[in-house]
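Geometric and topological summary
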Amino acid sequence: MVAHPNSLLFSVPPIRFGTDGWRGTIAADFTFERVARVAPIAARVLEETYGEEARLKKSIVVGYDRRFMAEDFAQVAANALVAAGYNVLLAQTYASTPAFSWAAHRYGALGAIVMTASHNPPQYLGLKVKGAFGGSVSPEVTRQIEARLDSEDSLLAESVGSIESFDPWTDFCADLRTKVDIDGIRKVLESGRLTVFADVMHGAASGGLLKILDAPVRELNGDRDPLFGGSSPEPLPRNLAGLFEQIKTHRRETQGLSVGLVFDGDGDRIAAVDGDGNFLSSQTLIPILIEHLAKRKALSGEIVKTVSGSDLIPRVAALYDLSVDETPIGFKYIADRMLSSDVLLGGEESGGIGYNTHIPERDALLSALYVLEAVVQSGKDLSTLYRELQEKTGFVSEYDRIDLPLANMDVRAKLVDRLESQPLTEIAGKAVTDCQTTDGYKFRLDDGSWLLVRFSGTEPVLRLYCEAPDLQQVRSTLDWAKSWAKEVER
């Protein structure tokens, strides 16, 4: 039987901005036509929001990553902006998203429009909107963009704008070099005392460290592959088998220090691998970076962590008399704090870290430079630095997170109702001493461990986070939470 033609049609979802941009499936809901509609409306909202602080009153930076046809979508956006009367600074090549955020601020533009889907699967592309200040715009700005998409006609101007191409790397890299002792890092790299492996996951950070350091770096997955090697460009252990093997082989062959650095698809999130081939999330890196910035670089300011951040973070901050603020999960909350306070470091457990030495934006390349500087100046492996912090604070813990798919959003509602109507008093044999509801449900247990139960706002996914004294307890607590959720789901 031949299917009726109407049965082959699908419903195109509306354009909606999530925590950091609009993303969709290429050729299905992310199309040239829709990008040409979104870009000028986004520019109009940027003009109304940031026009007073922009030096180039009608200019917009347009950039892109290495995803399939990203440069073509950027050109379509640029053409639509020109027709709407805007002058476009169009990237000559791909670059990390933070490079375009920096460019918007550095060149005095109204903001930036970046074609990227970050760590999403290969079939996705997206559009991020950055403000004149050099970071992600607020939810209020994206709400205005969405509202106008439903009400405004296409924007055409009596006087068209212009397109000027620019190199997104040169000035950006020059600025990043000023943040660290670049000569000291180069000297150690060129001597062979430190070997750096950089897994760029076929993404937009490719070539970045090489450009900045102009010194030996062993880059993995630096070629352009729109399929990202068959997985999503996300800095997680399951995607890093090649990096683990290279570092372990290097350890067997030499006694020198080595560091593995991992970048997501658009270069705004980081993870690392120590000299023994062990994965280090930002839960490990953030405490190391706090100590490095405060102790070796004598910098100060507030520390901002999300509710899922490790309990080691405030303990390390206390060693250096740094205040700590806690936010819901999402870098937009950290960025908001950075705009109103002097934030030395703001970080999230998924790998996004920002600094008061830079723009209010997470930037994996700057984080990588600070990590390298910490290793070079201490002469120690990353895990050694971490263990020393645990000893100084008297706090030892392990951490893990799992994402549990749910059957549908009705199950999500059922789980929320159970959490509200029958609050948990015991988890995995440990008594609950407190429940924090800043973002989800964070249960503190009587042995000092915690479990965070959180739901995705856009899909039927339950996110479970746990920190406990040892890995066995982390796993048993997460297994308990999975069983609890499955029982409620039935």
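See the structure printed just above.
Presented here is an overview of the structure given in this document. Owing to the predicted nature of the structure, the values given are computational and were not obtained by experimental measurement.

Of the two faces of strand β1 (residues 22-25), only one is covered, namely that formed by W22 and G24; the face formed by R23 and T25 stays uncovered. Strand direction decides the pairing type here: β1 and strand β5 (residues 124-131), joined by 4 bridges, are antiparallel. In the sheet register, R23 faces β5, and the bridge partner there is G126.

On to the sheet that holds strand β10 (residues 270-273). The strand order across the open sheet built from 5 strands is β8-β7-β9-β10-β11, with neighbouring strands paired in mixed fashion. Edge positions in the sheet fall to β8 (218-220) and β11 (279-280), since each has one partner strand and no second. Note: β10 against β11, 2 bridges, orientation antiparallel. Bridge pairing in β11 places V273 opposite F279.

Applying the stated rule across the entire model yields 10 aromatic pairs. Geometrically, the ring pair formed by Y107 and F166 is edge-to-face, given 5.9 Å between the ring centres and 80 degrees between the ring planes. Residue Y107 is located in the loop between α3 (97-106) and β4 (111-115), and its partner F166 is located in strand β6 (residues 163-166); the two are separated by 59 residues in the primary sequence. We note that Y107, like F166, is buried. We note K58 situated over the ring of Y86; from NZ or CZ to the ring centre the distance is 4.2 Å. The aromatic ring of W169 is capped on one face by K211, whose charged end is 4.8 Å from the ring centroid.

What follows deals with the nonpolar core. Core analysis: the biggest nonpolar cluster contains 117 residues, and M115, L127, L209, L213, L261, F263 and L382 have the highest contact counts within it. In terms of residues, this core owes the most to one element, helix α12 (residues 364-378), which gives 10 residues. Setting aside anything within four residues of it in sequence, one finds M115 in contact with F30, V35, G63, Y64, D65, A70, F73, A74, A77, L125, G126 and L127. Counting residues in each nonpolar core, the second largest holds 23 residues, with Y441, F443, L464 and W484 among its members.

Interaxial distance between helix α1 (residues 32-50) and helix α2 (residues 70-83) falls to 8 Å at its minimum, and their mutual angle equals 50 degrees. Classed by the angle they form, the pair α1 and α2 counts as oblique. In this structure, α1 meets α2 at a crossing whose hand is right-handed. Here F32, V35, A36, A39, P40 and A43 of α1 lie close against α2, whose contacting residues are D72, F73, V76, A77, A80 and L81. Each residue belonging to the contact of α1 with α2 can be placed in one class, and the counts come to 11 nonpolar, no polar and 1 charged.

Paired through their backbone hydrogen bonds, the strands of a sheet run either parallel or antiparallel. Spatially, the 6 strands line up as an open sheet ordered β1-β5-β4-β2-β3-β6, and their pairing is mixed. Strand pairing shows two members of the sheet lacking a second neighbour, β1 and β6, which therefore form its edges. Put simply, the sheet's adjacent strands are angled 20 degrees from each other on average, direction ignored. Across the sheet, α1 is in contact with β1, β2 (59-64), β4 and β5; its angle to β5 comes to roughly 15 degrees.

By the definition in use, this model includes 29 salt bridges. Note that R444 is salt-bridged to D311, the shortest N-O span being 2.9 Å. Here D311 lies in the loop between β12 (302-306) and α10 (312-319) and R444 lies in strand β19 (residues 441-445), a separation of 133 residues in the sequence. Classification of D311 by relative accessible area gives buried; the value is 7%. Shared partners join several salt bridges into a network, and the residues in it are K128, D266, D268, E348 and R362.

Another aspect to go through is the environment of S350. The topology assignment puts S350 in the loop between β14 (343-347) and β15 (353-355). Between the C-alpha atoms of S350 and S281, which are 69 residues apart in sequence, the distance is 7.6 Å. Those residues in contact with S350, other than ones at most four positions away along the chain, are R269 and S282.

Reading the values: the criteria
- Within every chain, residues take consecutive numbers counted from 1 along the sequence as written.
- Only residues with pLDDT of at least 70 get local features here, since the model is predicted, and only at 80 or more are side-chain atom pairs given and counted; chain-wide, interface and lining totals rely on the full set of residues.
- In computing side-chain properties, one takes all heavy atoms of the structure into account and sets aside hydrogens as well as water.
- Note on exposure labels: buried denotes an accessible area under 20% of the residue type's maximum, exposed denotes more than 50%, and partly exposed covers the range between, all computed with a 1.4 Å probe on protein chains only.
- Secondary structure elements follow DSSP: runs of H or I of four or more residues count as helices, runs of E of two or more count as strands, with numbering from the N terminus.
- Pairs of strands are assigned from DSSP output, requiring at least two bridges between the strands.
- Aromatic rings from Phe, Tyr and Trp, with only the six-membered ring used for Trp, were paired whenever their centres fell within 6.5 Å, and each pair was classed as stacked if the ring planes differed by under 30 degrees, edge-to-face if by over 60, and tilted otherwise.
- When the NZ atom of lysine or the CZ atom of arginine is within 6 Å of a ring's centre and also within 35 degrees of its normal, the charge is said to sit over that ring.
- We define the nonpolar core as a collection of buried residues of types Ala, Val, Leu, Ile, Met, Phe, Trp, Tyr and Cys that are connected through side-chain atoms lying within 4.5 Å of one another.
- In what follows, a contact means two residues having at least one pair of non-hydrogen atoms within 4.5 Å.
- Note on method: axes are straight lines fitted to C-alpha atoms, helices fitted across the in-contact stretch only, with angles between N-to-C directions ranging 0 to 180 degrees.
- Here the angle decides the label: under 35 degrees means roughly parallel, over 145 means roughly antiparallel, 65 to 115 means roughly perpendicular, and every other value means oblique.
- Here is the rule for handedness: rotate from the far helix to the near one, and if that takes an anticlockwise turn smaller than a right angle the crossing is left-handed, while a clockwise turn gives right-handed.
- Ten residues, namely Ala, Val, Leu, Ile, Met, Phe, Trp, Tyr, Cys and Pro, are considered nonpolar, four, namely Asp, Glu, Lys and Arg, are considered charged, and the remaining ones, Gly among them, are considered polar.
- A side-chain nitrogen of Lys or Arg and a carboxyl oxygen of Asp or Glu constitute a salt bridge if their distance falls within 4 Å.

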